[in-house]
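Spelled out, the chains give:
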Amino acid sequence: MSTPPAPAPPQNESSPPGDSQLSPSGTAPQARPALGQRATTLVNPSTPSGDPENKQDDDRNTDDDHASDEKTQTDHRHPPNGAKVANPHEDDVANPVEDTPLWQRIAMDIAVMLLILVMIVWPWVFFGVVKAKGGLQMYGRLAEVIDRYPQNVGAVVTFLSTIITAIATFLFGKVIVRLGQELIAADKEVTVFGVSAMLAFRHATLVWGIGQWRQLKNGKGRWAILVMLLACLGAFKVAPTGIAGLITPGQFNRTVDLTGTELDFASTDPGCLAWLEENRVVNDCDWKTVAGTQFTTCLGENQMLDVLDSGRAQMLSAISGISETSSLNQLGGEGGIRFLGSAKGILPIGPNGVLAFDTLKNASIPSPDGHTFKPVSNPFSDDLIRRRMVSYNYTVTQQGLESDVNCSYDPTSPIQTEAIPSTNTSLVVTTQGTCDPAAGLESTLENVLQYTTLNTNNTLTFWACKQTPQAGASDPTYFVYLRGRFNYRQSIGNMTCRISPIRAQDYRVQYLSVPRYFTAEAVNPNAQAPRPSTFSRYIEGAIRGLGNIVWESQNWSSNLVAEAVFSLGAKELNLSTRQQDPMYLRLYEGMIKGMLEYEATYSRLIYNVGASNRSPPPPTCLRQVGGPVSYAVRGWYIQDAATQAGLLIPMTLINLASFSLLIACFVIGKFKYKYNFDATDNISLLTALTAGVTRGTPGEVEWRSKVEYPQTKV
């Protein structure tokens, strides 16, 4: 900011218009150049005006300047070698006149106002949409880029938030310039402090040193302006944080409820019981196709590895309390099915269960009132959503079995071995058992008269009976008999395993996509009320499947079921494989329970195959199942709404201030647009005058001194 000029000698007549001469005091000429013309100002505050000795030096310097100017003018009039001389009024004007039509200035202000409104509204609209939807999932190319280059997300977000803050800063500065124009046009007194304040707000920086702050107390309202400036600077510093927090993508969970149906083996409806009896599992091995997947209708056939795996998992749980996963690959699930522990008679459904019998098609989310549910699309049916899932878990309450197995060594066994008539070999024998009616027992192996098995040094035989049902009695108790021959006679001998009444139990079946297995937890493990009874044919089919596994696992060297028990006992408990031990009884209990639960699961599958290939079950044979699915996706999510809203307030206040000041410009100026220069521009500050201060002379500029701009004199 410069000071008013002192009087200067008359201008040389030979000087061209627009060029000025220096006065002896080093000040600008008396006549101020017109707006837009070049002006030369030299200020030498160290040389006092009126000093004779210095005045002579100045006169000599002035004469030299005159001679230089005359030479320059001569060179302009007679350019050497015909060279073209540039017009100084065209290429060297620092503050050219801006002659902008009124309609363009109005249009520009309206454009600025609309842009400010966008800056005010868009963060809160985005905030509201993301919050209302519980998160905004990414799709398409953007989601793929985020998945592929997650380490670059921070850099991009920082860049975008910086750009958005820069836009807000630019708009705020434009409005400050407009405010200065209107204040000057309205003949408002513009002081040195006012100009410095406009400069500070215009460039969002402090222009006063801390040592000058004490002077602010001498003027009314100066402390308030300083506080507002500090608040403005703080808002500009915090604003990028709020924007970055809003637009940074992350991982969040979404939850919907899935519903479906499954067969109810605890139904007491006569129509349902008749259908279950008609479609019971029989020993008729065949292959059936359901939904493009083939299933065997034979219990035990092609299921050996799965059944042994399920039994082994239950043995480990029995002796250590630690569950391991078991394989259910023969159920036909996509990519294989694994259970933590045994299957517990559950046929898992859902996208990672047995897809051929998946009934979880409908999805819903709770309505705002919390009492009703709004239908939504199944996320597993939408390929766009499922492909972008980072992980997911879903829980379905399904029906399974609850049983208890107790084994003991027995001096006798109902199992008898006989040679096969009309054969000349003793390598193959038949085994069968007797269920003593006098003891209240009857056979539970439908259509099984005997087992034909290899007669080796390590042969294990099987039979099963059940208590004869009594009128008004509860579900029957089942008995499984094992008998070892030759070498197994010493290590296994005669073993009787009592299976308590098998009843239905509801389990929360959860699938975890990261470890990729199912877990099952009883809904009411300690309920006092008796469990509902289970359709007896369903249980008997599972026991018949257990017998088939023991029979089919026999080979020339050993029996796979027995060797699985011996192997675990020797490795985990350091037991001898050649003699009986009470701990082996615990292992057989776990093995039989795990195998039985798997066969119950496969029996349920065979019933579903029958329902798909023959007659569908009546509605009374179906029970509603369902539960929540929670899946993690990448996108935008508001975790703490209050914190995020608080971080957005600084940016909003900046834009609101810009909008309010622009409206104030409209009110003050009444759309007259008298001036079109930036009062905080460097050139404008250099040509501005301070009242009461003579340029080139020592003096003090006060904060309250009035500032005059030459543009207002034109």
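See above for the structure.
Trainee: Could you clarify how one ought to interpret the overall build of the protein in this entry?
Mentor: On a plain count of helices and strands, the protein comes out with 16 helices and 22 strands. The buried share of the protein, taken over its 714 residues, is 45%. Summarising the internal contacts of the protein: among those between residues at least 6 apart in sequence, 72% fall at separations of at least 24. For the protein, the computed accessible surface area is about 36000 Å², with 54% contributed by carbon and sulfur atoms.

Trainee: What's the story with the nonpolar core in this structure? I'm lost.
Mentor: General note: in soluble globular proteins, nonpolar side chains tend to be found buried as a group. Formed by 99 residues in total, the largest nonpolar core has its most connected members in Leu331, Phe462, Tyr588, Leu605 and Tyr607. The element best represented in this core is helix α14 (residues 582-613), accounting for 16 residues. Setting aside chain neighbours within four positions, we find Tyr607 in contact with Leu263, Phe265, Trp275, Leu276, Asn279, Arg280, Val281, Phe535, Arg537 and Tyr538. Grouped together as the second largest cluster of nonpolar side chains are 58 residues, Met113, Val175, Ile176 and Leu685 included.

Trainee: Explain the packing of helix α5 (residues 153-185) against helix α7 (residues 222-247) to me, please; I cannot follow it from the model alone.
Mentor: Packed helix pairs are specified by the crossing angle of their axes together with the interaxial distance, meaning the distance between the axes. Two numbers describe how α5 lies on α7: the axes approach to 9 Å, and their chain directions differ by 140°. By the angle class used here, α5 and α7 are oblique. Considering the relative orientation of α5 and α7, their crossing is right-handed. Residues Val157, Leu160, Ser161, Ile164, Thr165, Ala168, Thr169 and Phe172 of α5 form the contact with α7, whose own contacting residues are Cys232, Phe236, Ala239, Pro240, Ile243, Ala244 and Ile247. In the contact of α5 with α7, the residues fall into twelve nonpolar, three polar and no charged.

Trainee: What is the right way to read the sheet that holds strand β11 (residues 415-419) from this model?
Mentor: Pairing between the strands of a sheet is mediated by backbone hydrogen bonds and can be parallel or antiparallel. Ordered in space as β11-β12-β14, the three strands form an open sheet in which the pairing is antiparallel. Looking along the sheet, the strands with just one partner apiece sit at the ends: β11 and β14 (451-454). On average, adjacent strands in this sheet sit at an angle of 35° to one another, irrespective of strand direction. Note that β11 and strand β12 (residues 428-433) share five bridges and pair antiparallel. Following the sheet pairing, Glu418 is matched in β12 by Thr430.

Trainee: Could you clarify how one ought to interpret the pairing of strand β3 (residues 287-290) in this entry?
Mentor: The two faces of a sheet get side chains in turn, since along a regular strand they alternate between them. Strand direction decides the pairing type here: β3 and strand β4 (residues 293-296), joined by four bridges, are antiparallel. Bridge pairing in β4 places Lys288 opposite Phe295. Counting the residues between successive antiparallel strands, the hairpin from β3 to β4 contains two residues, one of them, Ala291, with a positive phi of roughly 55°.

Trainee: What is the right way to look at the sheet that holds strand β17 (residues 494-499) in this model?
Mentor: Spatial ordering of the open sheet is given by β10-β17-β16-β15-β13, a layout of five strands whose pairing is antiparallel. Every other strand in the sheet has two partners, leaving β10 (405-409) and β13 (441-443) as the edge strands with one partner each. Taken over all neighbouring pairs, the strand axes of this sheet differ in orientation by 30° on average, direction set aside. In the sheet, β13 pairs with strand β15 (residues 458-467) via three bridges, with the strands oriented antiparallel. Bridging from a neighbouring strand, Glu442 pairs with Lys466 of β15. The strands touched by α14 are β10, β16 (478-486) and β17; relative to β10, the strand with the most contacts, the crossing angle is about 140°.

Trainee: Any chance you could explain helix α6 (residues 192-203) here in plain terms?
Mentor: Side chains three or four residues apart in an α-helix point the same way, a direct result of the helix having 3.6 residues per turn. With twelve residues, α6 should reach 16 Å at 1.5 Å per residue; the first-to-last C-alpha distance of 17 Å fits that figure. By the burial criterion, the buried members of α6 are Val192, Phe193, Val195, Ser196, Ala197, Met198, Ala200 and Phe201. Immediately beyond the C-terminal end of α6, within one or two residues, lies Ala204, with a positive phi of roughly 50°.

Conventions we followed
- Residues numbered from 1 in each chain as written.
- Predicted model: local features only at pLDDT ≥ 70, side-chain atom pairs only at ≥ 80, totals over all residues.
- Heavy atoms only, no water.
- Helix = DSSP H or I, 4+ residues; strand = E, 2+ residues; numbered from the N terminus.
- Buried < 20%, exposed > 50% of the residue type's maximum accessible area, 1.4 Å probe, protein only.
- Contact = heavy atoms within 4.5 Å.
- Areas by Shrake-Rupley, 256 points an atom, 1.4 Å probe, with all protein chains shown as cover.
- Core = buried A, V, L, I, M, F, W, Y, C linked by side-chain atoms within 4.5 Å.
- Axes fitted to C-alpha atoms, helices over the stretch in contact; angles between N-to-C directions.
- Parallel < 35°, antiparallel > 145°, perpendicular 65-115°, else oblique.
- Left-handed = near helix turned anticlockwise from the far one by under 90°.
- Nonpolar A, V, L, I, M, F, W, Y, C, P; charged D, E, K, R; others polar.
- Pairing = 2+ DSSP bridges.
- Expected span 1.5 Å × (residues − 1).

These values are about where atoms sit, not about what they do.
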